[in-house]
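Chain residues, written in single-letter form:
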Amino acid sequence: MRVASFDGLLTDFARGLQATAIIRGVRSARDYEYELPMALMNRRRNPDVETVLMIASEDTSFISSSLIKEVFSLGGSIEGLVPDLVISKMKEIR
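Caption draft 1: Representation of the overall build of the chain. When its secondary structure is counted, the chain shows 4 helices and 2 strands. Reading the secondary structure of the chain in the N-to-C direction produces α-β-α-β-α-α. Oriented by its inertia axes, the alpha-carbon framework of the chain measures out at about 45 × 30 × 20 Å. Buried positions account for 19% of the 94 residues belonging to the chain. Taking all contacts inside the chain whose residues are at least 6 apart in sequence as the whole, residues at least 24 apart take part in 52%. Here the chain displays about 7,500 Å² of accessible surface, and carbon together with sulfur accounts for 55% of that area. When the 12 basic and 13 acidic side-chain charges of the chain are each reduced to a single mean position, those positions are 6 Å apart.

Caption draft 2: Seen up close, the pattern of salt bridges. Under the definition given, this model contains 6 salt bridges. The salt bridge involving arginine 45 is made with aspartate 12; its shortest N-O contact spans 2.8 Å. Separated by 33 residues along the polypeptide, arginine 45 in helix 2 (residues 29-45) and aspartate 12 in helix 1 (residues 10-17) bring together distant segments of the chain. On the accessibility criterion, aspartate 12 (37% relative accessible area) is partly exposed. Here arginine 43 ties to glutamate 50 by a salt bridge, and the two come within 2.9 Å at their closest N and O atoms.

Caption draft 3: Up close: the side chain of threonine 11. By the element assignment, threonine 11 lies in helix 1. Not counting residues within four places of it along the chain, the set of residues in contact with threonine 11 comprises Asn42, Arg45 and Asn46.

Caption draft 4: Representation of the nonpolar core within the structure. In this structure, Ile63, Ile68, Phe72, Ile78, Val82, Ile87 and Met90 together form the largest nonpolar core, which totals 7 residues. Elements represented by at least two residues in this core include exactly helix 3 (65-73) and helix 4 (84-93). In contact with isoleucine 68, other than residues within four places in its own chain, are Ile63, Ile78, Leu81, Val82 and Met90.

Caption draft 5: Spotlight on a nonpolar patch on the surface. On the surface, Ile23, Val52 and Met54 cluster together into a nonpolar patch covering about 280 Å² of accessible area. Tracing the backbone through its elements, the reader meets methionine 54 in strand 2 (residues 50-55).

Caption draft 6: Broad picture of the packing of aromatic side chains. A complete count under the given rule lists 1 aromatic pair for this structure. Arranged with centres 4.4 Å apart and planes meeting at 10°, the rings of phenylalanine 6 and phenylalanine 13 form a pair that is stacked.

Conventions adopted
Residues numbered from 1 in each chain as written. Predicted model: local features only at pLDDT ≥ 70, side-chain atom pairs only at ≥ 80, totals over all residues. Heavy atoms only, no water. Helix = DSSP H or I, 4+ residues; strand = E, 2+ residues; numbered from the N terminus. Buried < 20%, exposed > 50% of the residue type's maximum accessible area, 1.4 Å probe, protein only. Contact = heavy atoms within 4.5 Å. Areas by Shrake-Rupley, 256 points an atom, 1.4 Å probe, with all protein chains shown as cover. Lys, Arg positive; Asp, Glu negative; His and termini not counted. Charge placed at Lys NZ, Arg CZ, Asp CG, Glu CD. Salt bridge = Lys/Arg side-chain N within 4 Å of Asp/Glu carboxyl O. Core = buried A, V, L, I, M, F, W, Y, C linked by side-chain atoms within 4.5 Å. Patch = residues over 30% accessible without salt bridge, like charges linked within 9 Å, V, L, I, M, F, W, Y side chains within 5 Å. Phe/Tyr/Trp six-rings, centres within 6.5 Å; stacked < 30°, edge-to-face > 60°.

What follows is the structure, encoded as structure tokens:
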């Protein structure tokens, strides 16, 4: 596994990687309503890449990146909520 950042459109980034799928997490109906138009636009821009929506488990459905960043910035523990690699990277940029 690798982590990569990019500027621009996700479909262009996926094309450059020769990716065949984009995986997105869905926690709620609100997330689905946000993700569906994005997935359809991505399909229109690059029909060779499929968007896969994965439903979050009930024990992690409340977690959001905003909440994680807020808890971390206020000194709270985020262990068990994100991978150890994410915690390490967040500590580096603190």
